[in-house]
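Coordinate analysis (summary)
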Amino acid sequence: MPTINLRGAQKNYGVNSANAVSDLDLEIRDGEFMCLLGPSGCGKTTTLRMIAGLENLSGGEIRVGDRVIDSVADGIFIPPEKREMGLVFQSYALWPHLTIERNTDFGLRLRKLPKAEREARVERVMQALDIAKYRDRYPSQLSGGQQQRVALARMLAVNPGVLLLDEPLSNLDARLRLEMRAELKRLHKEFKTTIVFVTHDQWEAMTLATTIAVMNEGTLQQMGTPDDIYDRPANRFVAEFVGSPPINILTFGKPGASDIADKAETYCAARYPQLRGIGSIGMRPEAMGYAAKIDDVPQGSFSGEMTVTGVLPTGGSWILELRSENHTLFLTTHALPRVDSGDRVFFHVPAEALHVFDADGQRITEADALLRSSTYN
Amino acid sequence: MALLSETAKVEGLVRKPVATPSAWQAWRYRLKVALREPTTLVGVLTALIFTYLIVVPIISIVLDAVRVQFGHERRLGKDVGDLTLYYIDRAFFSPVAHDLFWRPLFNTLTVALGAISLSLVIGTVLAWLISRTDMFGRRWFATALIVPYMLPAWTFALAWTTLFKNRTIGGQPGWFEAMGFTPPDWVAYGRFPITIILALHYTPFVILLFGSALRRFDSQLEDSARILGAHRYQVAIQIIMPLMRPALLSSMVLIFAKCLGEFGVPYVLGLPVKFEVLSTSLFRSIASRQTGVAGVVAASIMLIGIITLMIDARLVREARRFVTIGSKGSMNRQSRLGKMRLPATGFAATVFILSVGLPLLTLALSTVMKMPAKFTLDNFTLDYWIGTDLHTVALQTGILLSPELWAAAKNTMMIVGLASLVSGVLGLLVGYVVIRTPVRALSVYLRQVTFLPYLVPGIAFAAAYLSLFAVPRGPMPALYGTVTILILALIADQMPYASRAGISAMTQLGKDPEEAAQIAGAGWFRRMISIVIPIQKGSLVTGVLLPFISGIKGLSLFVILAVPSTDVLTTYSLRLVDYHYTQAANAVVLIIAAIAYFGTLLAQKLTRTNLAEGLGS
């Protein structure tokens, strides 16, 4: 399917209600596996349903290639049944009165394909998804994971130009979820379909997507590869939303926010003077280290002395909770910590692992470069 | 440089900004979306139909109350149709107002209050015994004690007259009279028996509503209070009672609304001693062609009904506040009755015998006995069921061989059946439109207009139909005396239940299965035929069957709108009562009761629904 383009797409559910989606521009290229990621209520599902045509727009337009399929200004609305897209619902929405085979066959029958071809295609997707043995059962006789596969098969059978998935894994248990993730990745390769996938689970997005679009409160925050999103968050929202434990933020110049935050400001301003008095920095817990003595802190890194207030094992790694008078920081370590609650330690983080944000929370990319290329020790 | 591209990338997305659509463009787009599918069209059509079938008749009868009626031009010195306060004055302030309105109102209120108090006392105890104790046969009683509600209320009225009828009126005497004890008038007719019968008939309301509230009640709430040191009675007064109040008030209000429209019982038991309630007074006004006064009385009944149900709506809202209290792990602990176990069971059994066993047995026996209360073998006969060449003026065959019964049965099946079928289908359609239409105003209007008949007692609604369709209006010919008017009135009368069933079925279905079909490429009709209707088969059956049952035992609509040629079973039996064919009348009532009872069971079996859901039908 050609590139899908949302331009200035808007949705509100009433004259006086806030926009569920406001002024959204989004480009989904052919063959992409795109994740719409964000907290619940951020408008990601609404976006997906607008693409499918199940929600009409309040403003803006949607194009597929050069063809406008939805536009308020031009008064164009192509109904969902004519958009040739596939959508897997969060609830799966299998038709309870049809067998698995009939569920899978439904779309093909509508397309009035010859019987032989229909059977071949149903067979192929049922084999691909390993549900052929349930063909004569009804949806209520299948487990959640199997229903999920049927929902996928039903959509893949008609070979849609784009497959839209609305939190498809959220109703599965942890193990099945892992299996289905691998399955989705395999299906993406095998069927070469464009996939748009809605999730609030960052790991799902990270592991599956070729492109992630992070949304919040109806607006697009950042679009990029998983690495972009994680390593170079465009703003504080993205930085704080992605990552667990969450990124540590130190805000500059906050009255009363002395000690560590002041140290951070001094450290950064020495390298990039414009930063004095504005903004904040973020440090990923995984990027941080700690030392018992100041001598063991690596040269040139940002560091500070804090008290250990908790050592939380998470199986294979540990989270240290550090406190100073005004701040609580978390850091992750993969080596058995040789410290205990009450010990004083020095955390440290290399300059290039600092994320610098301006007063509005936007990433200052120039600061990245300066901090990184700095020869200052 | 790649590092620099982050903000650039976000900005890069904002290419040419799309102009905000003008109001006209937005409106045109919305219209296009709304008209794309027949949903909106179907909605507009059904809205028009119901405006005509529900709103217009009600307006018509209210107008009748303030406009000069045919035949009164001379007396009022005005033309037919001119505005007048004469009827209001006559019904409320004239010397006859006492007989027309105030005394019936007083009787209605006292009977209703009596019935409410009695059924609350019996009902709450039974509900508690059934849902929270270890009484013997709880499960059996849970169904058995609901049976009175499945039977037409005046079944009990006929059983009562069979037993207690005295020499005040003619015809076959009652059993007690026949045995030599003459029951006093106050036992045989009027306020006392009407109150008792209505109380027994509506006790199931309390059992269902109060019982379900009790079952939902979380025992942990009791336990918490006990642990904090509260005594049993303190728990009962401070914790249980406040939480049960909405359910109790709600059942009171519902019983009141039902009593307001009750016609059969006061007709059978009140008339001999001129004990009138509002519904019988309305019937008399209509029967004596006092259209204007009938309008005033009908409008008053509607007004009282509407106020009552608005109070109920408030209570339901209030009740909803309490719903969140019940936790998921709510335990339903049973109280041990100990020594009281047997007496408690005895109490439940007594209520069952009085409210179901005795009346039905009396009626059944009365149909096979020539002389009342003479229990000798030669007095028993099946003649009244299947006899031929009987020495009576009319009805010379047993009831089952009488062509009139079969004609009435055929009429019933056709009229009630057709009306139920139509209202069931319309109900599902309304449900579909209400849930699916993008036009909110349409959804709200349809929901409310189909609910309107619920606020109007059947007898007043029938009067409204009479007022509108008795004469030709516009393209509509005069419909009085036709089958059509009965069917139309029944459809309208049943819409509250049908549309409620449709709306709840569509809400439960959710939109996912249909949207999935839409995504798969199915248009509106295809989705209706392949997805919506097959999935909703069950609720469609209920949506037809429940109105059918309530229509079969319904009396108040028919008594005003039916004529001998359109006799249905209920009006036929009432006619037999009027002619004092006691055995035949009782037989017909038994037939109706049997159809209603087994129909309800069938509906439950088919849909695995609980009776409580059909409550109020």
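Rules behind the numbers
- Residues numbered from 1 in each chain as written.
- Chains lettered and ligands numbered in written order.
- Predicted model: local features only at pLDDT ≥ 70, side-chain atom pairs only at ≥ 80, totals over all residues.
- Helix = DSSP H or I, 4+ residues; strand = E, 2+ residues; numbered from the N terminus.
- Rg over C-alpha atoms; globule rule 2.2 N^0.38 Å.
- Buried ≥ 20, exposed ≤ 12 C-beta atoms within 10 Å, placed from the backbone.
- Contact = placed C-beta atoms within 7 Å.
- Nonpolar A, V, L, I, M, F, W, Y, C, P; charged D, E, K, R; others polar.
- Core = buried A, V, L, I, M, F, W, Y, C linked by C-beta atoms within 7 Å.
- Pairing = 2+ DSSP bridges.
- Axes fitted to C-alpha atoms, helices over the stretch in contact; angles between N-to-C directions.
- Parallel < 35°, antiparallel > 145°, perpendicular 65-115°, else oblique.
- Left-handed = near helix turned anticlockwise from the far one by under 90°.

Points about the overall build of chain B
- Counting its secondary structure elements, chain B contains 29 helices and zero strands.
- Taking 617 residues into account, the globule formula puts the C-alpha radius of gyration at 25 Å, and chain B, at 28 Å, falls close to it.
- Projecting the C-alpha coordinates of chain B onto the three principal axes gives extents of approximately 115 × 75 × 50 Å.
- By residue count, 45% of the 617 residues in chain B fall in the buried class.
- Restricting the contact set of chain B to residue pairs at least 6 apart, pairs at least 24 apart contribute 75%.

Notes on unusual backbone geometry
- Residue Pro-245 of chain A follows Ser-244 of chain A across a cis peptide bond; omega there is -5°.
- The topology assignment puts Pro-245 of chain A in the loop between helix 8 (236-241) and strand 12 (248-251).

Some points on the interface of chain B and chain A
- Each side of the interface is counted separately: chain B has 35 residues, and chain A has 40 residues.
- Elements supplying a minimum of two residues to the side of chain B that touches chain A: helix 1 (5-13), helix 2 (23-35), helix 24 (512-520) and helix 25 (524-535) of chain B.
- Per element, the largest residue contribution to the side of chain B that touches chain A is eight residues, and it comes from helix 24 of chain B.
- Class assignment for the residues of the side of chain B that touches chain A results in 21 nonpolar, six polar and eight charged.

Thoughts on the nonpolar core
- Core analysis: the largest hydrophobic core is formed by 164 residues, its most contacted members being Leu-282, Ala-298, Ala-463, Ala-489, Leu-561 and Val-588 of chain B.
- What Ala-463 of chain B contacts, discounting residues up to four positions off in sequence, is Ile-61, Leu-282, Ile-286, Ala-294, Ala-298 and Ile-560 of chain B.
- With 114 residues, the next largest nonpolar core counts Ala-93, Val-125, Leu-164 and Leu-329 of chain A among its residues.

Section: the sheet that holds strand 5 (residues 67-71) of chain A
- Taken in spatial order, the five strands make up an open sheet running 2-1-4-5-6 (chain A), and their pairing is antiparallel. Strands at the two margins of the open sheet, each flanked by one partner only, are strand 2 (19-28) and strand 6 (76-77) of chain A.

Section: the sheet that holds strand 9 (residues 194-199) of chain A
Residue and element names in this part refer to chain A.
- Strand order in this open sheet of six strands is 7-8-9-3-10-11, and the pairing throughout is mixed. Of all the strands in the sheet, just strand 7 (85-88) and strand 11 (219-224) have a single pairing partner and so form its edges. The mean inter-strand angle of the sheet, taken between neighbouring strand axes irrespective of direction, is 15°.
- Sheet topology places strand 3 (residues 33-37) next to strand 9; five bridges connect them, and they run parallel. Bridging across to strand 9, Leu-37 finds its partner in Thr-199.
- Across the sheet, helix 4 (residues 144-157) is in contact with strand 7 and strand 8 (162-166); its angle to strand 7 comes to roughly 175°.

Comments concerning the packing of helix 24 of chain B against helix 25 of chain B
Residues and elements named next belong to chain B.
- Closest axis-to-axis distance for the helix 24/helix 25 pair is 10 Å, and the angle between their directions is 160°. Taken together, the axes of helix 24 and helix 25 are roughly antiparallel relative to one another. Seen along the crossing, helix 24 lies across helix 25 with a hand that is right-handed. On helix 25, the residues touching Pro-513, Glu-514, Ala-517 and Gln-518 of helix 24 are Arg-527, Ser-530, Ile-531, Val-532 and Ile-535.

Focus: the pairing of strand 18 (residues 344-349) of chain A
All names here are of chain A.
- With three bridges joining them, strand 14 (residues 289-291) and strand 18 adopt antiparallel strand pairing. Its bridge partner lying in strand 18, Gly-289 is registered against His-348.
- One ladder, built from six bridges, connects strand 15 (residues 302-313) with strand 18; its direction is antiparallel. Residue pairing for strand 18: Glu-305 is matched across the bridge by Phe-346.

Some details on the pairing of strand 11 of chain A
All names here are of chain A.
- Of all the six residues making up strand 11, five are buried; the element is thus mostly covered by neighbouring parts of the structure.
- Where strand 10 (residues 211-216) lies against strand 11, five bridges are found, and the strand directions are antiparallel. Of the residues in strand 11, the one forming a bridge with Ala-213 is Met-223.
- Connecting strand 10 to the next strand, strand 11, in antiparallel fashion are two residues, including Glu-217 with a positive phi near 45°.

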